[in-house]
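Structural description and commentary
The residues making up each chain are set out below.
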Amino acid sequence: MRVLVTGADGYIGAVLCPILAGHGHAVVGLDTRFYAAGLLYPDLADRPAGLRRDTRDVGPADLAGFDAVVHLAELSNDPLGALSPTITREINHRGSMTLARAARAAGVRRFVYASSCSVYGAGGSDVRTETSPTAPLTEYAACKLACEADLAAMAAEGFATTCLRNATAFGASPRMRFDIVLNNLCGLAATTGLVAMTSDGTPWRPLVHVRDIARAVALVLEAPEDRVRGEILNVGDDDQNLRVREVADIVGDVYPDCRITYGPSSGDDRSYRVSFARIRSVLPGFACRHTVVDGAREMRALFDAIGLDRDTFGATPFTRLAELRRLLGAGLLDASFRWRVPSPTPHRTDERSGGGIPADDGFPGVG
Ligand SMILES: NC(=O)c1ccc[n+]([C@@H]2O[C@H](COP(=O)([O-])OP(=O)(O)OC[C@H]3O[C@@H](n4cnc5c(N)ncnc54)[C@H](O)[C@@H]3O)[C@@H](O)[C@H]2O)c1
């Protein structure tokens, strides 16, 4: 299958593209490369060719000849949504729909969308299924729901849309994110020996390894269209619904010399427990292979191997909000989050550096 992966240069995309290629798919990446300045380690995987493009500008001609689009390219978490609700809506909702309409017009048959369990918002201790009421607390989560609704309306014979409500990801990726809970706590433990929680650690969070997200995407692409058309599926594992405090305890077990402290209740209402029964029935081959304990151990081994230090842990590209602020502050992005820098390379493709991790890409490209 010819698959276009948007957000190929991001945390999930950098892991997903080689996995899809390993499943025999011909993969092309599309990404505006907001975080190109950050590469935690080279994984030496073959990278797909890449379109350096903003989803807001994509048209049917860009998508001709693809069988499937896997859409990851958005501002990727709640704090980013708070940075600019207007731009979040423009990229995460309107940009995503521009892409989806272009895909349909180009004759792409499958569209897999990276939604999020954050749509459950303040779910408390009740276990949420795909049919439970949603309670988005942020612009980011509201946009996820808006995309889900619009994609459901577009699902038809010949255009199979599937929305994957991913739990919070963890695990190693060359395009690392240290702004998601397990990666952040492991990085703190490795570089400071202290995890000082700013909350009491009681909120629930379902967690999922980034490679298990990738496997879920691969299984959706390989499932019969009728089975996945119009589906919304939570992606994760019932046993990996943990309180943030339990996540910190796992980090403490993997880093026994690390001190962990808790603060008062943070006032952050985001808390949800999620059922992952449906994905197992729709995609019978799916089960998560990696636990949170596995992920913490994997990250300790990686951080030891690369000698993760405080400067690298704190480098802005690994915290998406900090990097966007830096790019905006330096005038490299304009107020609508479009690149201002002139293109050093041809606009469309860069076969040598590929869409994943450009070999010499210390400087961001042009959207
Ligand atoms: N990582 C998680 O825990 C998690 C959990 C649930 C859902 N998701 C969703 O999965 C997707 C990928 O997440 P991630 O963690 O890899 O995020 P990421 O921020 O690491 O990657 C997103 C990529 O998309 C690109 N991008 C952003 N806006 C773009 C635009 N307008 N045009 C082209 N490229 C653009 C960025 O340059 C970046 O490379 C996102 O939609 C996110 O909301 C992630």
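Report follows, based on the coordinates.

1. Description of the overall build of the chain
Secondary structure summary: the chain contains 13 helices and 14 strands in total. Taken along its principal axes, the extent of the C-alpha atoms in the chain is 55 × 45 × 40 Å. Of the accessible surface of the chain, which amounts to about 13,900 Å², a share of 51% is contributed by carbon and sulfur atoms. The averaged location of the 44 negative side-chain charges in the chain is 2 Å from the averaged location of its 40 positive side-chain charges.

2. So, the pairing of strand β10 (residues 204-209)
The buried fraction of β10 is high, at six of six residues. Residues of β10 alternate between two faces, with W204, P206 and V208 on one and R205, L207 and H209 on the opposite face, all of them buried. Here three bridges tie strand β8 (residues 168-170) to β10, and the two strands are oriented parallel to one another. Note on β10: the bridge partner recorded for F170 is H209. Across three bridges, β10 lies against strand β12 (residues 241-243) in antiparallel orientation. From the neighbouring strand, R205 faces β12, where its bridge partner is L242.

3. Observations concerning the site of the ligand
In the neighbourhood of the ligand, 29 residues make up the surrounding shell, with D31, S76, Y140, A169 and R177 lying closest. Residue G10 places a main-chain N or O atom 3.3 Å away from an oxygen atom belonging to the ligand. Separating an oxygen atom of the ligand from a backbone N or O atom of I12 is a distance of 2.8 Å. If the ligand stood free it would expose 820 Å²; the protein chains cover 99% of that surface. At the level of secondary structure, the elements contributing two or more residues to the shell around the ligand comprise α1 (11-22), β5 (110-116), α5 (139-154) and β8. Looking at the shell around the ligand element by element, the count peaks at three residues for β5. Taken together, the residues that form the shell around the ligand break down as 11 nonpolar, nine polar and nine charged.

4. Quick notes on the sheet that holds strand β11 (residues 231-235)
Within the open sheet, the seven strands sit side by side as β3-β2-β1-β4-β5-β7-β11. Their pairing is parallel. Since the sheet does not close on itself, it has two edges, and those belong to β3 (49-52) and β11, each with one partner. Adjacent strand axes in the sheet meet at a mean angle of 20° when their direction is disregarded. Strand direction decides the pairing type here: β5 and strand β7 (residues 160-166), joined by seven bridges, are parallel. Bridge pairing in β7 links V112 to T162. Lying on the sheet, α5 is in contact with β5, β7 and β11; it crosses β5 at an angle near 155°.

5. Considering the packing of aromatic side chains
Tallied over the full model, the rule gives six aromatic pairs. When the ring of F34 is compared with that of W339, the centres are 6.1 Å apart and the planes differ by 50°; the resulting orientation is tilted. Placement of the pair is F34 in the loop between β2 (26-31) and β3 and W339 in the segment after α13 (320-329), with a sequence separation of 305 residues. Judged by relative accessible area, which is 9%, F34 ranks as buried. For W339, a relative accessible area of 10% puts it in the buried group. Between F178 and F313, the aromatic rings sit 4.8 Å apart at their centres with planes inclined by 65°, giving edge-to-face as the arrangement. You can see F178 sitting in the loop between β8 and α6 (181-192) and its partner F313 sitting in helix α12 (residues 310-314), a full 135 residues away along the chain. Take F178: its relative accessible area is 1%, and that puts it in the buried class. The rings of F178, F303, F313 and F318 are connected pair by pair, giving a single aromatic cluster. We note R2 situated over the ring of F66; from NZ or CZ to the ring centre the distance is 4.5 Å. The ring of W204 carries the charged tip of R273 above its face, separated from the ring centre by 4.2 Å.

6. Brief notes about the pattern of salt bridges
Enumeration over the complete set of coordinates arrives at 21 salt bridges. For the salt bridge of R56 with E90, the shortest nitrogen-to-oxygen distance reads 2.7 Å. One end of the pair, R56, is in the loop between β3 and α2 (60-63); the other, E90, is in helix α4 (residues 85-105), and 34 residues separate them in sequence. When salt bridges that share partners are traced, they join R109, E157, E225, D226 and R229 into one network.

7. Concerning α4
Residues three or four positions apart in an α-helix share a direction because the helix packs 3.6 residues into each turn. In this model, α4 (21 residues) spans 29 Å end to end at C-alpha, consistent with the 30 Å of a helix rising 1.5 Å per residue. The sharpest bend along α4 measures roughly 30° and falls at R94. What α4 keeps buried is the set I87, T88, I91, N92, H93, G95, S96, M97, L99, A100, A102 and A103. In the core, the buried residues of α4 are packed alongside β1 (2-6), α2, β4 (68-71), α3 (78-83), β5 and α5. Just downstream of α4 lies G107, where phi reads positive at about 85°.

Calculation criteria
Residues numbered from 1 in each chain as written. Predicted model: local features only at pLDDT ≥ 70, side-chain atom pairs only at ≥ 80, totals over all residues. Heavy atoms only, no water. Helix = DSSP H or I, 4+ residues; strand = E, 2+ residues; numbered from the N terminus. Areas by Shrake-Rupley, 256 points an atom, 1.4 Å probe, with all protein chains shown as cover. Lys, Arg positive; Asp, Glu negative; His and termini not counted. Charge placed at Lys NZ, Arg CZ, Asp CG, Glu CD. Buried < 20%, exposed > 50% of the residue type's maximum accessible area, 1.4 Å probe, protein only. Pairing = 2+ DSSP bridges. Near = heavy atom within 4 Å. Polar contact = N/O pair within 3.5 Å; in protein donor to acceptor, adjacent residues only side chain to side chain. Nonpolar A, V, L, I, M, F, W, Y, C, P; charged D, E, K, R; others polar. Axes fitted to C-alpha atoms, helices over the stretch in contact; angles between N-to-C directions. Contact = heavy atoms within 4.5 Å. Phe/Tyr/Trp six-rings, centres within 6.5 Å; stacked < 30°, edge-to-face > 60°. Lys NZ or Arg CZ within 6 Å of the ring centre and 35° of its normal. Salt bridge = Lys/Arg side-chain N within 4 Å of Asp/Glu carboxyl O. Expected span 1.5 Å × (residues − 1). Bend = angle between axes of the 7 residues up to and from the residue.

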